[in-house]
Amino acid sequence: MDRLEMLRTFVAVADRASFAEAARQMRISPTAASRAVAALEASLGTALFRRTTRSVRLTEDGATYLERCRVALGELDDAALALRGHGATPGGSMVITAPVAFGRLHVLPVVTGLMRAHPALSIRLTLVDRVVRLVDEGIDIAVRIGDLSDSALHALKVAEVRRILVASPDYLAARGAPANAAALHDHDLISLAGIDPMNEWRFGIGGKPAIRISPRLSVNSADAAIAAAASGMGIARVLSYQALDAIAAGRLAPVRVAAAAPAVPVHLVYQADRGASVNVRAFIEDARVYFRNLGSLLADDA
């Protein structure tokens, strides 16, 4: 097995945490996969995995090497596609990242559609609620919600979302709906830790009015905030797309206390040198079609 295939085998084992699963993907025997990784480790002079009878886990050196391998293999795949000209079809591997809930609801459908259309394409979709560094983590394209701070990256706006207040119908029946933003002080509030800076909620154009809140419950995921609100624990502030299903099912109702806040942009972000990638171009085009067909639903303040 040549070194390039050793690297691909190493990445496959790391992705699946299993020599057997990686071997199936590579269409080789588990023994061949194990030997390939062992040979790679010997050539590098370091262990890439910690192996037990129950698990296969990356060492610290292995994790660092993995991200470098992803970048290198991605560039090689793109180079091969580029040689085939503009008529090339997506293939090889691509790495995409997105926020957890948004990725599950609105990025995964784009990914699965793209993979069905292009059987030679493999995608690793990483859903995480933090801003990842594209270069450091070998990311081809990222979906980011909110204002962008890294001007070195290319960005394409594909959608908008809004922050809305929601509560269960039972809670609103028992406590009444707040008449304005100031009246929120008389209610049980649910905040998203890390999302609501300084426990402050802003409304309307220019972020006015703004109120300081004393949440009765603070959670670190939108799913938890929505579940708590649906159970009658109080009023939560979430992004519009996160609550659509619960509102449609009648578990939550929108709470309007002021003019709607400005929409929050959704961007596809990628490095300048990735714009020529056949895979990245295909994902961007499919994502644009998906969000265009979705229309204003994401930014609907219900």
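Each remark here, short or long, concerns the structure printed above.
In this text, all values refer to a predicted model and were calculated from it rather than measured experimentally.

### As for the environment of R104
Next up, step 1: Summarising the element assignment, R104 is placed in helix α5 (residues 100–117).
Next up, step 2: Between the alpha carbons of R104 and L125 there is a distance of 9.7 Å; along the sequence they are 21 residues apart.
Next up, step 3: With residues near it in sequence (within four places) discarded, R104 still touches P99, P109, L127 and D223.

### Some words on helix α7 (residues 222–230)
Note on helix geometry: an α-helix contains 3.6 residues per turn, so any two residues three or four positions apart are oriented the same way.
Next up, step 1: Along α7, the positions that sit buried rather than exposed are A222, A225, I226, A228 and A229. One side of α7 carries all its buried residues, which in axial view fall inside an arc of 165°.
Next up, step 2: Here the buried face of α7 lies against β7 (163–167), β8 (189–192), β11 (217–219), β12 (235–239) and α8 (240–248).
Next up, step 3: Phi for G232, located one or two positions after α7, is positive at around 95°.

### Some words on the sheet that holds strand β5 (residues 141–145)
Next up, step 1: Ordered by their spatial adjacency, 5 strands build an open sheet running β4-β3-β5-β14-β6, and the pairing between neighbours is mixed. Single-partner strands in this sheet number two, and they are β4 (121–127) and β6 (154–161). Direction aside, neighbouring strands of the sheet carry axes that sit 20° apart on average.
Next up, step 2: Taken together, the 2 bridges between strand β3 (residues 92–98) and β5 define a ladder with parallel strand orientation. Looking at β5, one finds that T97 is bridged to A142.

So, how was this worked out
Residues numbered from 1 in each chain as written. Predicted model: local features only at pLDDT ≥ 70, side-chain atom pairs only at ≥ 80, totals over all residues. Heavy atoms only, no water. Helix = DSSP H or I, 4+ residues; strand = E, 2+ residues; numbered from the N terminus. Contact = heavy atoms within 4.5 Å. Buried < 20%, exposed > 50% of the residue type's maximum accessible area, 1.4 Å probe, protein only. Arc of directions from axis to C-beta. Pairing = 2+ DSSP bridges. Axes fitted to C-alpha atoms, helices over the stretch in contact; angles between N-to-C directions.

Any functional reading would require information that these geometric values do not contain.
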